[in-house]
Amino acid sequence: MSTTTTLPEQAETVVVGAGCVGCSAAYHLTERGREDIVVLDQGPLFETGGSTSHAPGLVYQTTGSQTMTRLANYTQELYTELGGFDRCGGIEVAYTEDRWNFLKRKREYGRAWGIEGGELLSPEAVAEEVPVVDPEVIYGGYYVPTDGRADGVAASEAMAERAQDGGARFVGDCEVLDLEVEKGSISAVLTEHGRIECEEALVCTNIWGPLFGEWADVDVPLTPCAHQYLVSEPFDELAGATAEIEQPILRHQDFSMYFRQHGDSYGIGSYDHEPLLVDPEDIRAPEESDRMPSIREFTEEHFYEPTHPDIDKSAYDAARELVPAFDGADFEDAFNGMFCFTPDGMPILGETEAIDGLWWALAIWVTQSGGVGDVMAEWMTEGVPRLDGERIDVSGAHISRFQPHAGSRAFTKARGATQYREVYQLIHPDEQPQNQRGLRRSPFYERQEDLGAEFVTSGGWEVPQWYGANESLVEEYDLDMPERSAWQSTGWSPIQAAEHRAARENVGICDLSRYTGIEITGENTPEFVQYLFANDMSMDVGQVRYAPMCDETGGVLADMVVARLGEKRFLCTTGGGSSATLHTRWINEHAPGDVRVDAHVSDRCGLGVWGPNARKVLEPLTDADLSDDAFGYFRAKEIYVDSIPVTALRVSYVGELGWELYCPTEYGGQLWDLLWEAGRDRDMIALGNGAFLGSLRLEKGFRLWGTDMSAEETPYEAGIGFAVDLDTDFIGREALLEAKESEPARRLACLTLEDDSALVGSGKPIVDGGSDDVGTGSNGSEEILGYVTATDYGYSIGESIAYGYLPPEYAEPGVGVAIEYEGERYAATVQEEPLYDPEREKILR
């Protein structure tokens, strides 16, 4: 293809970085009609010197994240079409029984997320596919025939050629020196060869990302790091190879390693060493070495000695055990290649909140690169992220998910090092990081410590999952609960079951401080609130309404409890984690000039008081009338609890009588003490997050955004269509009008397992329950109907619960299906919901 060395003075869009992400974005932008695009890189096109240029290119599509799996699947299909992908298949082997069980679960993730053809192989079958492997040292492998090796450079050039046909221009050997911002918008990209005025800039520079962030005063929480790659001398076992790669790629995750063929040689990629972090400022310039900037000198001690903090075997020893041909082998090439991690291991995508037109696509591996380019192009041109025309949830990769502390180098490097250490390890989704803890503590923290709280972290907040002080209740309640495997017990305690029962039968107090109250005030607030939410928001002062907030396609961006506290004053309560920043940003971006939006993140704390005795605990502490007639369900009042000003909402996410109480943070400790003392005579317990967001809410069928629904689903698919009023005007109305007129492709359904002593996991495939082999294992040939979003045991109803998406004809009560879990199939039945207190007698008492 032809490239140019002439730099234009202006362009509509400037893409910085001509690796596979930048080239994919440029190609997909031109596919959508964008013509005036300039793509810049400091290195030569298209072996530019970034991570794409040295990446071995292994693409394993299956992950526990549906979003990342979809991106990988799109990437391999695109690169196959472009001639930049070898669909040689991929195998992940198990060295331990725990890993073998994990591979069973991983295969089920693949089936749930649409990866076809995945199968579990015996050790002998693995060796048939990859003859250099010693089958005696493994339990087996997970094989996906459409996995393979991407040639990142070739794919980049192919996409660039198509983008050039669409009008894009590519300029290599052109270093970017600065980003210029005027009046809150990107205005120009300054390079060593001149200045380009632009309306938009997309930064796709991966390991250099933080430097670009500094120029624009934007936090880019990303840390570059290096891992090792070696290519052996020719092996006799591979003699006669006629192509660079003829065998499946190979992963040995128990020792943080991967392998691929290079003709008659064999390559080793190793994370089996201590994290080798690199400051972005220390990355070499292209002219400083005869090797590309993303390559550092090979360090032998990290290969031949065990330096990984969690692995007691060196990479060399682990490699020659699995592949005996490595024993005593020499290596023709060896280097430490750079890539990067964010604190949570996910990419950084999206437009800068404070700078219009400045976009980011960082921390992306070759595996997802093609798909990310499509998502960014759709987002930049249409305002909503989609992948291959379908809605996709990018909240977990959104640049605005990060909380304020994530901008520090200390946090980013510490958590980046953790991501490196754990990249291939058996990490349960509920396993907690050990560093950078205690950053955000509610005013109740010391009291919770005294009660033996087991804390988890959410957006930096320390959140009690359960309380050791409640351990005696496990025996007292004589709880009947399913046995859990070691994996299922990670992040769980039987105390959660006891706390569940105590909240149902007595009263509990729950810390809600991490939830954000977004206060909206101003002249046109009622009209704006109606425009934000899909429900009818024309309520009286003191009323509360449940409402979804949708994007233009009708996807659910959030579901909130909205209280009208005054004629022109509304309080919207959103969830924890990244909800504070993501949802506040969306509201701010749509707010008219005469409306004020205040997010009460740290200046407000909250407590939930729920259970049959909640009113008896609260009544002695306030002059407010808490009777059902005076303070009904879904009502809000500003009251005093003793001397403390409190905004009280009579809402309950657990399905029992109760209130959410919010007050200024400085009053929080006293509020806890007053409630705790008043609850002594009622045997009130401290209620942890585990029971609160798990079994209690599932028995009532309450949705959890980010788990049961996201921007990928409409309210009708998620089962909250009752909270949509199409007679009002709101964002996404036109899309929901169309959705209402047609049958949804899927619906969220409530399931109970036939075997109430069994438990399954989320992200697992749901198949037709009519097969005779239900409960006897799965051969993987059945059509996948849907997938599980959330599971737990219902300690009040004595049933094992699962929620999942199913085709409408299968989502009807009484229909039998089956859920796959660890190679077994469990019969389940769709139920009417809610399972607990369907007449709402408990919550309305």
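Computed from a predicted structure; not experimentally measured.

Participant: I tried to follow a negative patch on the surface on my own but got confused; where do I start?
Facilitator: A cluster of acidic residues, Glu475, Asp478, Asp480, Glu754, Asp755 and Asp756, forms a negative patch at the surface. Following the sequence through the fold, Asp756 ends up in the loop between strand S37 (747-753) and strand S38 (765-768). The class for Asp756 is partly exposed, based on a relative accessible area of 38%.

Participant: I'm lost on the environment of Val767 in this one. Help?
Facilitator: Assignment of secondary structure puts Val767 in strand S38. The spacing of Val767 and Gly814 is 47 residues in sequence and 15 Å in space, taken between C-alpha atoms. Those residues in contact with Val767 that lie beyond four places of it in its chain are Arg111, Glu782, Glu783, Ile784, Leu785, Val817, Ala818, Glu820 and Arg825.

Participant: In this structure, what is going on with the sheet that holds strand S26 (residues 508-511)? I would like to understand it.
Facilitator: Neighbouring strands of a sheet are bound in pairs by backbone hydrogen bonds; such pairs are parallel or else antiparallel. Read from one edge of the open sheet, six strands run S33-S34-S35-S32-S26-S36, paired in mixed fashion. At either end of the open sheet lies a strand with only one pairing partner, and these are strand S33 (636-641) and strand S36 (685-686). Here S26 runs beside S36; their pairing, made up of two bridges, is parallel. Bridging from a neighbouring strand, Gly508 pairs with Ile685 of S36.

Participant: Please clarify how the packing of aromatic side chains should be interpreted in this entry.
Facilitator: Each aromatic ring pair is described using two quantities: the centre-to-centre distance and the angle formed by the ring planes. Considering all chains together, one arrives at 41 aromatic pairs under this definition. Connected via pairs of aromatic rings, a cluster forms that spans Tyr229, Tyr258, Tyr271, Phe335, Phe339, Phe341, Trp365, Tyr420 and Tyr424. Over the aromatic face of Trp659 sits the side chain of Arg650, whose NZ or CZ is 5.7 Å from the ring centroid.

Participant: Which parts of the structure should I look at to understand unusual backbone geometry?
Facilitator: Backbone geometry follows two general trends: most residues other than glycine have a negative phi, and most peptide bonds adopt the trans configuration. Between Leu45 and Phe46 the backbone carries a cis peptide bond, its omega angle lying at 0°. Within the secondary structure, Phe46 sits in the loop between strand S2 (37-40) and helix H2 (51-54). Residue Pro834 is bonded to the preceding Glu833 through a cis peptide linkage, with omega at 5°. The residue Pro834 is located in the segment after strand S42 (824-831) in this model. The backbone of Asn206 sits at a positive phi, close to 45°, despite the residue not being glycine.

Participant: Looking at this structure, how should I read the side chain of Thr75?
Facilitator: Within the element layout of this structure, Thr75 appears in helix H3 (residues 66-82). Classification of Thr75 by relative accessible area gives buried; the value is 1%. In contact with Thr75, other than residues within four places in its own chain, are Val366, Thr367, Gln368, Ser369, Gly370 and Gly371.

Participant: Explain the nonpolar core here, please?
Facilitator: As a rule of thumb, soluble globular proteins bury nonpolar side chains together. Tyr79, Met159, Phe170, Leu202 and Ala361 are the most contacted members of the largest nonpolar core, which totals 47 residues. Setting aside its immediate chain neighbours within four residues, Tyr79 contacts Cys20, Gly84, Phe85, Ala150, Ala155, Met159, Val366, Ser369 and Gly370. Core analysis: the second largest hydrophobic core is formed by 40 residues, Cys174, Val189, Val203 and Val218 among them.

Definitions and cut-offs
- Residues numbered from 1 in each chain as written.
- Predicted model: local features only at pLDDT ≥ 70, side-chain atom pairs only at ≥ 80, totals over all residues.
- Heavy atoms only, no water.
- Patch = residues over 30% accessible without salt bridge, like charges linked within 9 Å, V, L, I, M, F, W, Y side chains within 5 Å.
- Areas by Shrake-Rupley, 256 points an atom, 1.4 Å probe, with all protein chains shown as cover.
- Salt bridge = Lys/Arg side-chain N within 4 Å of Asp/Glu carboxyl O.
- Lys, Arg positive; Asp, Glu negative; His and termini not counted.
- Charge placed at Lys NZ, Arg CZ, Asp CG, Glu CD.
- Helix = DSSP H or I, 4+ residues; strand = E, 2+ residues; numbered from the N terminus.
- Buried < 20%, exposed > 50% of the residue type's maximum accessible area, 1.4 Å probe, protein only.
- Contact = heavy atoms within 4.5 Å.
- Pairing = 2+ DSSP bridges.
- Phe/Tyr/Trp six-rings, centres within 6.5 Å; stacked < 30°, edge-to-face > 60°.
- Lys NZ or Arg CZ within 6 Å of the ring centre and 35° of its normal.
- Core = buried A, V, L, I, M, F, W, Y, C linked by side-chain atoms within 4.5 Å.

These figures capture arrangement, not role.
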